[in-house]
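# Structure at a glance
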Amino acid sequence: MSYKILLVDDVNFFLDLMKNYLSVLDSEILTAHNGREALSIMENDKVDLLITDYEMPEMDGYELVLKISQYERLKSIPVIVASAHLNDELMERFLKLGVKAFIKKPFNDLDFVKTVDSHLIKDRRMKERVLVQLPCFFGFGDVMERGVIFDISEGGLYLSGQKIYKENTYFEIKFIIPNETKTIKLWGRVAWVNVGEKKIKPKYPDGMGIEFSGVSREQIQVIKAFIERVKSGYQS
């Protein structure tokens, strides 16, 4: 699934930098140089995520977010503010308008993509999951554990193994999808743990609900195609 991300910044250097960083994600990038241009785009196109600077001519980032919060059709769009001029008072004002995250300029590619992808993942995780049994390896570097993937969606999976990590732990996962020769290697975050008497999914073995992090466009397409095959009756 391709997402439309609107980047708003009056400096072309930062627009180009963000577009380059986001090329690893399955997304279509739209750009604007101020809040007025951004509003015009959002009124005529469906946007899944907005990333805006604060200080801009004609209409700054705060006024843009304020106006978005007053539009019924637009106020549910997640907003990330990327600026060099962030302070506690300003961030508090933005948070009251529903801003989801902040990125301090200058930023590096890893932190930027991880922050952006975490908000797209929340939507992907809500997509339909399919039941599977795929062997996998998970862990850090050369220390990898064996596990089994019991369900998978475009944004995450359920993983069972002898090792159970705590919530919000990031680790690497490796697995091969049937009829594919290339191993999928990606990072995941433990979104929830399913153990003990109060299991979220009592019929599942002990394990973890994993949220993908920094998944490439190619990997999403491979996973999505596999999900469609399973739904159509393919047996792995």
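Residues numbered from 1 in each chain as written. Predicted model: local features only at pLDDT ≥ 70, side-chain atom pairs only at ≥ 80, totals over all residues. Heavy atoms only, no water.

## Details of the side chain of Arg-189
Position of Arg-189 among the secondary structure elements: in strand β10 (residues 184–194). Here Arg-189 is in contact with Asn-168, Thr-169, Tyr-170, Gly-209, Ile-210 and Glu-211, once residues within four sequence places are set aside. (Helix = DSSP H or I, 4+ residues; strand = E, 2+ residues; numbered from the N terminus. Contact = heavy atoms within 4.5 Å.)

## Description of helix α6 (residues 217–231)
Between the first and last C-alpha of α6 there are 21 Å, a value that for 15 residues agrees with the 21 Å anticipated at 1.5 Å per step. Buried within α6 we find Gln-219, Ile-220, Ile-223, Phe-226, Ile-227 and Val-230. With its buried residues spanning 130° around the axis, α6 presents them on a single face. (Expected span 1.5 Å × (residues − 1). Buried < 20%, exposed > 50% of the residue type's maximum accessible area, 1.4 Å probe, protein only. Arc of directions from axis to C-beta.)

## Here we look at the sheet that holds strand β5 (residues 101–104)
Spatially, β2-β1-β3-β4-β5 is the arrangement adopted by the five strands of the open sheet, whose pairing is parallel. Of all strands in the sheet, those with a lone pairing partner are β2 (27–32) and β5, marking the two edges. Taking the axes of each pair of neighbouring strands and ignoring which way they run, one obtains an average angle of 20° across the sheet. Here strand β1 (residues 3–8) runs beside β2; their pairing, made up of six bridges, is parallel. (Pairing = 2+ DSSP bridges. Axes fitted to C-alpha atoms, helices over the stretch in contact; angles between N-to-C directions.)

## Here's the deal with the environment of Pro-57
By the element assignment, Pro-57 lies in the loop between β3 (49–52) and α3 (61–69). Judged by relative accessible area, which is 44%, Pro-57 ranks as partly exposed. Taking C-alpha positions, Pro-57 is 40 Å from Leu-186, a pair spaced 129 residues apart along the chain.

## Examining the pattern of salt bridges
Using the criterion set out here, one finds twelve salt bridges in the structure. Close ionic contact of Asp-151 with Arg-129 constitutes a salt bridge, the shortest N to O distance being 2.8 Å. With Asp-151 in strand β7 (residues 143–152) and Arg-129 in the loop between α5 (109–124) and β6 (130–140), the pair connects residues that are 22 residues apart, well separated along the chain. Residue Arg-129 is classed as partly exposed on the basis of its relative accessible area of 24%. (Salt bridge = Lys/Arg side-chain N within 4 Å of Asp/Glu carboxyl O.)

## Concerning the nonpolar core
Grouped together as the largest cluster of nonpolar side chains are 26 residues, with contacts concentrated most on Ile-152, Leu-157, Leu-159, Phe-171, Ile-173 and Phe-175. Of all elements in the fold, only β6, β7, β8 (156–161), β9 (170–175), β10, β11 (207–213) and α6 reach the threshold of two or more residues within this core. Not counting the four nearest positions on each side in its chain, Ile-173 is found in contact with Phe-137, Phe-138, Leu-157, Leu-159, Ile-184, Lys-185, Leu-186, Gly-188 and Ile-210. (Core = buried A, V, L, I, M, F, W, Y, C linked by side-chain atoms within 4.5 Å.)

## Notes on the packing of aromatic side chains
Counting across every chain of the model gives 14 aromatic pairs. Where Tyr-165 meets Phe-171, the ring centres are 4.8 Å apart and the plane angle is 35°; that geometry is what we call tilted. Assigned by exposure class, Tyr-165 and Phe-171 land together as buried. In this structure an aromatic cluster arises from ring pairing among Phe-13, Phe-14, Tyr-21, Phe-107 and Phe-112. Positioned above the aromatic ring of Phe-14 is the side chain of Lys-105, whose terminal nitrogen or guanidinium carbon lies 4.0 Å from the ring centre. One cation-aromatic arrangement involves Lys-114 over Tyr-170; the distance from NZ or CZ to the ring centre is 4.6 Å. (Phe/Tyr/Trp six-rings, centres within 6.5 Å; stacked < 30°, edge-to-face > 60°. Lys NZ or Arg CZ within 6 Å of the ring centre and 35° of its normal.)

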